[in-house]
Amino acid sequence: MANDPIHQFQISKIVPIEIGGIDFSFTNASLFMVATVACAAGFLYFATSQRGLIPGRAQSVAEMSYEFIAGMLREGAGSSGMKFFPLVFSLFMFVLTANLLGMFPYFYTITSQIIVTFALALLVIGTVLVYGFYKHGLHFLQLFVPSGVPGALLPLVIAIEVISFLSRPVSLSVRLFANMLAGHITLKVFAGFVASLGTMGALGIGGAVLPLIMTVALTGLEFLVAFLQAYVFAVLTCMYLNDAIHPGGH
Amino acid sequence: MFVTSAYAQTAPAATDPHAAPAGGAHTETGADHGGGTFPPFDATHFSSQLLWLVITFGLFYLLMKKVIVPRVGGILEHRHDRIAQDLDEAARLKAEADAAVETYERELAAARSKGHKIAETAREAAKTKAAADRTAIEAELADKLAAAETRIGEIKAKAFAEVGQIAEDTATAIVDQLIGAKASGDDIKAAVAAAKTEA
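K.L.:
Would you explain the overall build of chain B in this entry?
P.N.:
What chain B contains, in helices and strands, is four helices and zero strands. Mapped in sequence order, the helices and strands of chain B form the string α-α-α-α. Residues classed as buried in chain B amount to 18% of the 199 residues present. The long-range fraction of contacts in chain B, counting pairs at least 24 apart against all pairs at least 6 apart in sequence, stands at 23%. Of the accessible surface of chain B, which amounts to about 14,100 Å², a share of 65% is contributed by carbon and sulfur atoms.

Below you can see the structure in the form of C-alpha cells.
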C-alpha cells in the first residue's frame, strides 16, 4: 500500500460527524487544515510577539512575508487595494504553509484537493464580484467592455472577456491543485521505484540509484513549486482584485 | 514490481469508478479508494472538506485581520517612524555641526586678521623706533665727530705752536753746536717763522 501513489490523497475519517444527513466528519484533511492554520498563525504570532525594533530571525521572516505581499498588492491593485491585504496575506500564508506541510512524508497535502483550491478561488472571485458591484454598481460591467474596440468587434470581445472571467476560478483552482497533485504523485512514483528495485538483488540496488537521484531532485523542485504556486495564487488574486477596484482600467 | 502493479491498478480505477479490483492482493486499494474514485474528485468528502476549510480558513483570516496584520504593520510603522526621527535628528545635528564649523572658521579668520594687524603695527612701531634710534645715533655721532674735529684742530694748533718753540730750541742748539756762539733769540724766531711760512 505504501507504494500506491494515489493513496496519499485518500481521505479517512478521524471523528465521524454527520449533521442532517450530510457528512461533516473531522478527517485527516481537516486535521491538516487545522495544522496549517496552527503552524502559520502560531509562527506569525510568536515571531512578532517581541515587537522588536531590530527584528530577530523569526520576526524578519514574518515581516518579510508581510512586506512581500504588501508590495505585491500595492503593485497589482494600487494603494486602494490595501484594504484587501488581510485576505491576500491569509490566502498566501495558508496556501504556502499547506504546500510546505505537504512536503513532509506521510503528511496530507490539503491543496491537492480540488474542492479546497476551488473554494479558495471562489472566495477570491466572490470577493471581486461583491466588491466590484458594491463599489461601482453596474459600471463594474465595464470590465467586460475594453475601451477603444470598434463597435463591430464589441460582441465578440465581450464574449471573450466574459468567458475569460468565468474561467478564472477554474484556472486559479486547477493550477494549484494540479501542480500539487502531479508533483506528489511523481515523487511517490519515483520513490516507489527505489523501494521496489531495491528488493530485486544487487543489480536492482544499483539501478535504484537513478530513481533515488530523481527523487532528491524532485523534492527540491517540489519545494520550489510549493512556494511558486502560493506566489502565483497571491499574484493572480491581486490582479483580479485590481479589476474589482478599477473595472475600466485595462 | 509491486509499484507497477499497483499503479496499473489505479489507472483504470481512476477512469472507471466501478471497476472491480482485479486481484485479491489489491482488495485494500479498492476499499480505501471508496469505490475506486480518484480521491481528489470523490464528492462524498466535499461537504466535510468545505466545512472544515471554512472553519479553519475563517479562523485564520480573522486571526490575520485582527492580530497579525495590525501587529506587523505596527512594528513596521514604528520602525519607519523611528528611522525618520533618527534621520531628522541626524540632519539637525549635522546642521549644528555645520554652523559650528562656520563660526569657528569665521573666528579663525577674524583672529588671523587681528594677528596680522598686530604684527603689522609691531613691525611699523619697530621700524619707526629703529629710524628714530638711527637718527639719534647719527646725530650723536655727528656731535662726537665735530667735538673730535675741534679737539684735533686744537691739538694741531697747539702742536703747531709748539713746533715753533721746538724749532727755535733746536735751531738755537744746532747754531750753538755749529758756531759755538749763542744766536739771538729774535733771529732764530724770525728764521723759523720764515721757514714755517715757506713750508
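After presenting the structure, the write-up continues.
K.L.:
What am I meant to see in the packing of aromatic side chains here?
P.N.:
Between two aromatic rings, the relevant description is the distance of the centres plus the angle of the planes. On inspection of all chains with the given rule, the structure shows 20 aromatic pairs over all chains. On the basis of an interplanar angle of 90° and a centroid distance of 5.4 Å, the ring pair of Phe144 of chain A and Phe165 of chain A is categorised as edge-to-face. Taken together, the residues span a long stretch of sequence, with Phe144 of chain A in the loop between helix 4 (114-136) and helix 5 (154-198) and Phe165 of chain A in helix 5 at a distance of 21 residues. Here Phe144 of chain A matches Phe165 of chain A in class, with each residue buried. Aromatic rings pair up to connect Phe68, Phe92, Phe227 and Tyr231 of chain A into one cluster. It is Arg71 of chain B that lies over the ring of Tyr45 of chain A; its NZ or CZ is 4.4 Å from the centre.

K.L.:
Just to check I follow, could you spell out helix 2 (residues 57-77) of chain A for this structure?
P.N.:
Residues spaced three or four apart along an α-helix point in a common direction, a consequence of the helix completing one turn every 3.6 residues. Given a rise of 1.5 Å per residue, 21 residues ought to cover 30 Å, and the 30 Å separating the end C-alpha atoms of helix 2 of chain A matches this to within 8%. Inspection of helix 2 of chain A places Gln59, Ala62, Glu63, Ser65, Tyr66, Ile69, Ala70, Met72, Leu73 and Ala77 of chain A among the buried residues, and these make up the whole buried set. In the core, the buried residues of helix 2 of chain A are packed alongside helix 1 (28-47), helix 3 (85-101) and helix 7 (209-245) of chain A together with helix 3 (46-179) of chain B. A positive backbone phi angle near 75° is found at Gly78 of chain A, which sits one or two residues after helix 2 of chain A.

K.L.:
So what exactly am I meant to see when it comes to the packing of helix 1 of chain A against helix 2 of chain A here?
P.N.:
When two helices pack together, their arrangement is given by the angle between the helix axes and by the axis-to-axis distance. Residues and elements named next belong to chain A. One way to put it is that helix 1 packs onto helix 2 with a least axis distance of 8 Å and a crossing angle of 115°. Considering the relative orientation of helix 1 and helix 2, their crossing is left-handed. Across from Phe43, Leu44 and Ala47 in helix 1, the residues of helix 2 making contact are Ala58, Gln59, Val61, Ala62 and Ser65. Tallied by class, the residues present in the contact of helix 1 with helix 2 amount to six nonpolar, two polar and no charged.

K.L.:
I keep staring at the packing of helix 2 of chain A against helix 3 of chain B and nothing clicks. Help me out?
P.N.:
As a packed pair, helix 2 of chain A and helix 3 of chain B sit with axes 10 Å apart at the nearest point and diverge in direction by 95°. Considering their axes alone, helix 2 of chain A and helix 3 of chain B lie roughly perpendicular with respect to each other. In this structure, helix 2 of chain A uses Gln59, Glu63, Tyr66 and Glu67 of chain A to contact helix 3 of chain B, whose residues at the interface are Val69, Val72, Gly73, Ile75, Leu76 and Arg79 of chain B. For the contact of helix 2 of chain A with helix 3 of chain B, the per-class residue count stands at five nonpolar, two polar and three charged.

K.L.:
How should unusual backbone geometry be read in this particular structure?
P.N.:
Leave glycine aside and you will find that most residues have negative phi; peptide bonds, for their part, are mostly trans. All names here are of chain A. Positive phi is not limited to glycine here, since Arg51 has a value of about 50°. Inspection of the secondary structure assignment puts Arg51 in the loop between helix 1 and helix 2. Backbone geometry at Tyr106 places phi at a positive 70°, although glycine is not the residue there. Mapped onto the elements, Tyr106 comes out in the loop between helix 3 and helix 4.

K.L.:
How do you make sense of the side chain of Ser65 of chain A when you look at a structure like this?
P.N.:
The residue Ser65 of chain A is located in helix 2 in this model. Ser65 of chain A has contacts with Leu44, Phe89 and Met93 of chain A, leaving out every residue within four places of it along the chain.

K.L.:
Help me out: how do you make sense of a nonpolar patch on the surface in this one?
P.N.:
Residue and element names in this part refer to chain A. Together, Phe68, Leu221, Leu224, Phe227, Leu228 and Tyr231 give the surface a local cluster of nonpolar side chains, amounting to about 490 Å² of exposed area. Sort the elements by how many residues they give to the nonpolar patch and helix 7 lands first, with five residues. Inspection of the secondary structure assignment puts Phe68 in helix 2. Judged by its relative accessible area of 32%, Phe68 is partly exposed.

K.L.:
How should I be thinking about the pattern of salt bridges in this particular structure?
P.N.:
Two side chains with opposite charge may pair up if their charged atoms get near one another. Within the structure shown, the criterion is met by ten salt bridges over all chains. Ionic contacts of the salt-bridge type, sharing partners, join the residues Glu89, Arg92 and Glu96 of chain B into one network.

K.L.:
What is the right way to read the nonpolar core from this model?
P.N.:
The nonpolar side chains of a soluble globular protein tend to be buried with one another. With 66 residues, the main nonpolar core has Phe89 and Leu120 of chain A together with Phe60 of chain B as its most contacted residues. Those elements giving two or more residues to this core turn out to be helix 1, helix 2, helix 3, helix 4, helix 5 and helix 7 of chain A together with helix 3 of chain B. Considering every element that reaches this core, the biggest residue donor is helix 3 of chain A, with eleven residues. Ignoring any residue separated from it by four or fewer positions in sequence, one finds Phe60 of chain B in contact with Val37, Ala40, Ala41, Ser90, Met93 and Phe94 of chain A. Ranked by size, the runner-up nonpolar core spans eight residues in total, among them Ile114, Phe177, Ile185 and Val189 of chain A.

K.L.:
Could you clarify how one ought to interpret the interface of chain B and chain A in this entry?
P.N.:
Where interface size is given, it is often the accessible area lost as the parts come together that is meant. The partner chain A presents 58 residues to the 42 residues of chain B that form the contact. A buried area of about 4,700 Å², summed over both sides, lies between chain B and chain A, and 75% of it is on carbon and sulfur atoms. The largest contributions to the chain B side of the interface with chain A come from Gln49, Phe60 and Arg71 of chain B, which together make up 14% of the buried area. Where chain B meets chain A, there are one salt bridge. Two residues, Arg79 of chain B and Glu63 of chain A, come together in a salt bridge whose shortest N-O distance is 2.8 Å. There are eleven residue pairs in polar contact (both at pLDDT 80 or more) connecting chain B and chain A. Listed by contribution, the elements that provide at least two residues to the side of chain B that touches chain A are helix 1 (2-15), helix 2 (27-32) and helix 3 of chain B. The greatest single-element share of the side of chain B that touches chain A, amounting to 26 residues, is contributed by helix 3 of chain B. Taken together, the residues of the side of chain B that touches chain A break down into 24 nonpolar, twelve polar and six charged.

The rules behind each value
- Residues numbered from 1 in each chain as written.
- Chains lettered and ligands numbered in written order.
- Predicted model: local features only at pLDDT ≥ 70, side-chain atom pairs only at ≥ 80, totals over all residues.
- Heavy atoms only, no water.
- Helix = DSSP H or I, 4+ residues; strand = E, 2+ residues; numbered from the N terminus.
- Buried < 20%, exposed > 50% of the residue type's maximum accessible area, 1.4 Å probe, protein only.
- Contact = heavy atoms within 4.5 Å.
- Areas by Shrake-Rupley, 256 points an atom, 1.4 Å probe, with all protein chains shown as cover.
- Phe/Tyr/Trp six-rings, centres within 6.5 Å; stacked < 30°, edge-to-face > 60°.
- Lys NZ or Arg CZ within 6 Å of the ring centre and 35° of its normal.
- Expected span 1.5 Å × (residues − 1).
- Axes fitted to C-alpha atoms, helices over the stretch in contact; angles between N-to-C directions.
- Left-handed = near helix turned anticlockwise from the far one by under 90°.
- Nonpolar A, V, L, I, M, F, W, Y, C, P; charged D, E, K, R; others polar.
- Parallel < 35°, antiparallel > 145°, perpendicular 65-115°, else oblique.
- Patch = residues over 30% accessible without salt bridge, like charges linked within 9 Å, V, L, I, M, F, W, Y side chains within 5 Å.
- Salt bridge = Lys/Arg side-chain N within 4 Å of Asp/Glu carboxyl O.
- Core = buried A, V, L, I, M, F, W, Y, C linked by side-chain atoms within 4.5 Å.
- Buried area = accessible area lost by both parts, 1.4 Å probe.
- Polar contact = N/O pair within 3.5 Å; in protein donor to acceptor, adjacent residues only side chain to side chain.

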